Amino acid sequence: MMKKSNKRSSRAGLFIVLEGIDGSGKSTQAKLLARKLRSKGLEVLTLSEPTDGKWGQEIRQLSRVKDSLKPQGELDLFVWDRKENVAKNIKPALKSGKTVVLDRYFYSTLAYQGARGVPLKKIRELHKKFAPTPDVVFILDLPVTNGLKRIKDRAVIYRHFEDKDYLKKVRQVFLELKDPECVVIDGRPSAREIHRKIWAVLTGRFPNLK
Ligand code: ADP
Ligand code: TYD
């Protein structure tokens, strides 16, 4: 059997991921970036994790209750949700030449479940077989209190993910990621300014986009 490659050469569209703590501006930047890419004539699919699929719904349901999930159970749910997203949405889109802009991916699992004590090596091992490496991962970075201030009016779900000390650990893991596709972006300026910076990095890496 031929070994399937997760390398960029085996697919046509770009695979771009946005990461960061809660309230860091990921979905805002995903929208701005998708709009910009479309204005350049690319076909873009925007996706987010956790998804709206059966595992994603279960994650949402369970995370309403504090401590309802042990780290291992939580890890399993995020990985199952992602497996489905990769197989059903991400891989087919990339294969057909679409560009995928994804709000959260396995770097979130490294940061959030890693911060709950799951070894990073174990999380990476779980993803190796099925999760394609993105072309670029933008990690929007800002202090936890700034992020929480931005989302204070958001519906009270995911509360156990939004604990301040926990998120400080999460932020730290994000900042320590050394993967070559990861680029840390200051998440404090205005959304327009951050968008300009993201676009500059992207076109620096992929000059054909200009
Ligand atoms: P995330 O998807 O990372 O949780 P959002 O994009 O939903 O973050 O942004 C959270 C809140 O902060 C939203 O109300 C959004 O309008 C606002 N916001 C997004 N980016 C910025 C920014 N650069 N400066 C100030 N507020 C922002
Ligand atoms: P999300 O819906 O992106 O929340 P937000 O819009 O507030 O950023 O994600 C929900 C929560 O799930 C978020 O607090 C981060 C957490 N999460 C993990 O713990 N592990 C993961 O692998 C993913 C994808 C998300």
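This text follows the structure it describes.
What you are looking at is a predicted structure, and each value in this text was computed from that prediction instead of being measured. (Residues numbered from 1 in each chain as written. Chains lettered and ligands numbered in written order. Predicted model: local features only at pLDDT ≥ 70, side-chain atom pairs only at ≥ 80, totals over all residues. Heavy atoms only, no water.)

A. Looking closely at the site of ligand 2. With respect to spatial proximity, 14 residues lie near ligand 2, and among them Asp22, Arg104, Thr109, Gln113 and Arg154 are the closest. One nitrogen or oxygen atom from the side chain of Arg82 is found 3.1 Å from an oxygen atom belonging to ligand 2. In isolation ligand 2 exposes 540 Å². Once the protein is present, 91% of that is buried. Broken down by secondary-structure element, the contributors of at least two residues to the shell around ligand 2 are α3 (71-95) and α4 (106-115). For the shell around ligand 2, the per-class residue count stands at five nonpolar, three polar and six charged. (Near = heavy atom within 4 Å. Polar contact = N/O pair within 3.5 Å; in protein donor to acceptor, adjacent residues only side chain to side chain. Areas by Shrake-Rupley, 256 points an atom, 1.4 Å probe, with all protein chains shown as cover. Helix = DSSP H or I, 4+ residues; strand = E, 2+ residues; numbered from the N terminus. Nonpolar A, V, L, I, M, F, W, Y, C, P; charged D, E, K, R; others polar.)

B. Spatial organisation of the environment of Pro143. Inspection of the secondary structure assignment puts Pro143 in the loop between β4 (136-141) and α6 (144-150). Relative accessible area serves as the criterion here: at 25%, Pro143 is assigned to the partly exposed category. As a C-alpha pair, Pro143 and Val101 span 42 residues in sequence and 24 Å in three-dimensional space. Those residues in contact with Pro143, other than ones at most four positions away along the chain, are Ile21, Arg171 and Arg188. (Buried < 20%, exposed > 50% of the residue type's maximum accessible area, 1.4 Å probe, protein only. Contact = heavy atoms within 4.5 Å.)

C. Summary view of the packing of α3 against α4. Taken N-terminus to C-terminus, the directions of α3 and α4 make an angle of 175°; their axes are 11 Å apart at the nearest point. Accordingly, the angle class assigned to the pair α3 and α4 is roughly antiparallel. Facing Glu74, Leu75, Phe78 and Arg82 of α3, the residues of α4 in contact are Phe106, Thr109 and Gln113. Residues of the contact of α3 with α4, tallied by class, amount to three nonpolar, two polar and two charged. (Axes fitted to C-alpha atoms, helices over the stretch in contact; angles between N-to-C directions. Parallel < 35°, antiparallel > 145°, perpendicular 65-115°, else oblique.)

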